[in-house]
Amino acid sequence: MTIIVTGGAGFIGSNFIFHMLKVHPGWRIVCLDKLTYAGNISTLAPVMDKPNFRFVRADICDRAAVDSLFAEEKPDIVVNFAAESHVDRSIEDPGIFLQTNILGTQVLMDACRKYGVKRFHQVSTDEVYGDLPLDRPDLLFTEETPIHTSSPYSASKASADLLVMAYHRTYGLPVTVSRCSNNYGPYQFPEKLIPLMIANALNDKPLPVYGEGLNVRDWLYVEDHCRAIDLILRSGKTGEIYNIGGHNEMRNIDIVRLICRELGKSESLITHVTDRKGHDMRYAIDPTKIHTELGWLPETKFADGIVKTIRWYLDNRPWWEEIVSGEYQNYYRKMYGDR
Ligand code: NAD
Ligand code: DAU
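Residues numbered from 1 in each chain as written. Chains lettered and ligands numbered in written order. Predicted model: local features only at pLDDT ≥ 70, side-chain atom pairs only at ≥ 80, totals over all residues. Heavy atoms only, no water.

A. Up close: the site of ligand 1. The environment of ligand 1 is formed by 29 residues, the closest being Ile 12, Asp 33, Ser 85, Tyr 153 and Lys 157. Lys 34 is positioned such that a nitrogen or oxygen atom in its backbone is 3.0 Å from a nitrogen atom of ligand 1. Thr 100 is positioned with one of its side-chain polar atoms (N or O) 3.3 Å from a nitrogen atom of ligand 1. Against a free-state accessible area of 840 Å², the protein chains account for coverage of 96% of ligand 1. (Near = heavy atom within 4 Å. Polar contact = N/O pair within 3.5 Å; in protein donor to acceptor, adjacent residues only side chain to side chain. Areas by Shrake-Rupley, 256 points an atom, 1.4 Å probe, with all protein chains shown as cover.)

B. Spotlight on the nonpolar core. Counting residues in each nonpolar core, the largest one holds 40 residues, and the members touching the most others are Ile 194, Ile 198, Leu 207, Ile 259 and Phe 302. With sequence-adjacent residues up to four places away left out, Phe 302 is seen in contact with Tyr 184, Trp 219, Asn 248, Met 250, Ile 255 and Leu 258. By size, the runner-up hydrophobic cluster in this structure holds 32 residues, among which are Val 56, Phe 120, Leu 132 and Ala 158. (Core = buried A, V, L, I, M, F, W, Y, C linked by side-chain atoms within 4.5 Å. Buried < 20%, exposed > 50% of the residue type's maximum accessible area, 1.4 Å probe, protein only. Contact = heavy atoms within 4.5 Å.)

C. Looking closely at the site of ligand 2. Close contacts around ligand 2 come from 24 residues, with Asp 126, Tyr 153, Arg 276, His 279 and Tyr 336 the closest. The contact in question runs from an oxygen atom of ligand 2 to an N or O atom on the side chain of Asp 126, over 2.5 Å. The separation between an oxygen atom of ligand 2 and a polar side-chain atom of His 279 is 2.7 Å. Protein contacts shield 94% of the accessible area of ligand 2, which totals 690 Å² for the unbound molecule. Mapped by element, the contributors of at least two residues to the shell around ligand 2 are α6 (193-202) and β8 (207-210). (Helix = DSSP H or I, 4+ residues; strand = E, 2+ residues; numbered from the N terminus.)

D. A look at the environment of Asp 59. When you line up the elements, Asp 59 lands in the loop between β3 (53-57) and α2 (63-73). Along the primary structure Asp 59 and Ile 198 are separated by 139 residues, whereas in three dimensions their C-alpha atoms are 31 Å apart. Leaving out residues up to four positions away in the same chain, Asp 59 has contacts with Lys 34 and Val 66. Looking at Asp 59, its side chain comes within polar contact range of the side chain of Lys 34, at 3.4 Å. Among the polar contacts made by the side chain of Asp 59, one reaches the main-chain amide nitrogen of Cys 61 at a distance of 2.8 Å.

E. Here's a closer look at the pairing of strand β11 (residues 240-244). Of all 5 residues that make up β11, 4 are buried, and the element is covered over most of its length. Across 5 bridges, the pairing between strand β6 (residues 175-180) and β11 is parallel. Its bridge partner lying in β11, Thr 176 is registered against Glu 240. (Pairing = 2+ DSSP bridges.)

F. Spotlight on the sheet that holds strand β1 (residues 2-6). Read across the sheet, 7 strands follow the order β3-β2-β1-β4-β5-β6-β11 without closing on themselves; strand pairing throughout is parallel. One side of each edge strand has no neighbouring strand; the edge strands of this open sheet are β3 and β11. Here the average twist between neighbouring strands, direction ignored, is 20°. Together, β5 (119-125), β6 and β11 form the strand contacts of helix α5 (residues 152-171), whose direction differs from that of β5 by roughly 155°. (Axes fitted to C-alpha atoms, helices over the stretch in contact; angles between N-to-C directions.)

Scope: geometric values only; no functional claims are made or implied.
Dropping the structure here:
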């Protein structure tokens, strides 16, 4: 079995590669990644020398490069994690989001058709459903919830989902789609809420909470997401969409306070800054379908996962310190300078 994993040098993709090499030691994994600012080749160092692992630097939008890799590897499965993934960046500069997230997905699916790939799995997001009100805790996103996007990022992911389902209906491409809630865990790029707050707190820098910090996200430990995708690849039905989430809704402000507590830092570091434009209020996944049809359940409780994650950032300072010392400084000044 040969799997091409796109975006495997990023946060979830790298965790997925580690997971798959551990649970399917006989499978061959080929990582295709452009190494944008969010991709980090050093993350994959522990598996680089494995005989059943290969890394290829390429852009999923590059038809010739994708075609020659598929011709060489003849993959059975393609899992597409490659994407521009940060909502704030999509608000600043949407173009690359449309390019990579929509057109890149098309290039991959065309190659899947040409080479008779047995499964194309699209890693999507709960953000395609838009948001839910805070005063209706009874409402959750199901797979039937209409697409209703807010940011250029979520619009690009929703567009890709529609294209994936169109390739299934029109060409019979064997696809599956998963829509997961917010992930946290090791190797997450420190522009996202949890690693950003950990890194800033460790450096005694202000902790920039957007608005009042009352927005709710539904957090899932990254390994639980990886297990769910593995299960969908093996037992999921083609043409189906699966929501992934663990009923773990938390307000941003409570997460930031918890990080302060765990690190022994003062909450006076918390600084309320101008809100994100079009900021989604609440995400909450109903995972009934993946639970009843495939038997998936999350294994890591948030209380344990967040402690493990903080421990990882403490034990792996060089990994994120190198990131926050480079080009990231310009990004940070631009995004937070006069916020
Ligand atoms: P990430 O930003 O950490 O990693 C993205 C990876 O894709 C990087 O390695 C980057 O180099 C690579 N990449 C970007 N453009 C590319 C291109 N044109 N060609 C090849 N490689 C390219 O992202 P992540 O948080 O790991 O998210 C992975 C996927 O999961 C994304 O599709 C995202 O939409 C989805 N998702 C993320 C979350 C979350 O909480 N992080 C939740 C649900 C779904
Ligand atoms: O729900 C899944 C999505 O989760 C994925 O599809 C995206 O790829 C992923 O980036 C994530 O999107 P969010 O916008 O929810 O994640 P982010 O970490 O950027 O922000 C989480 C919440 O924290 C959000 O309400 C905004 C807030 N926030 C974020 C940052 C970076 C702050 O208050 N301050 C910050 O500095």
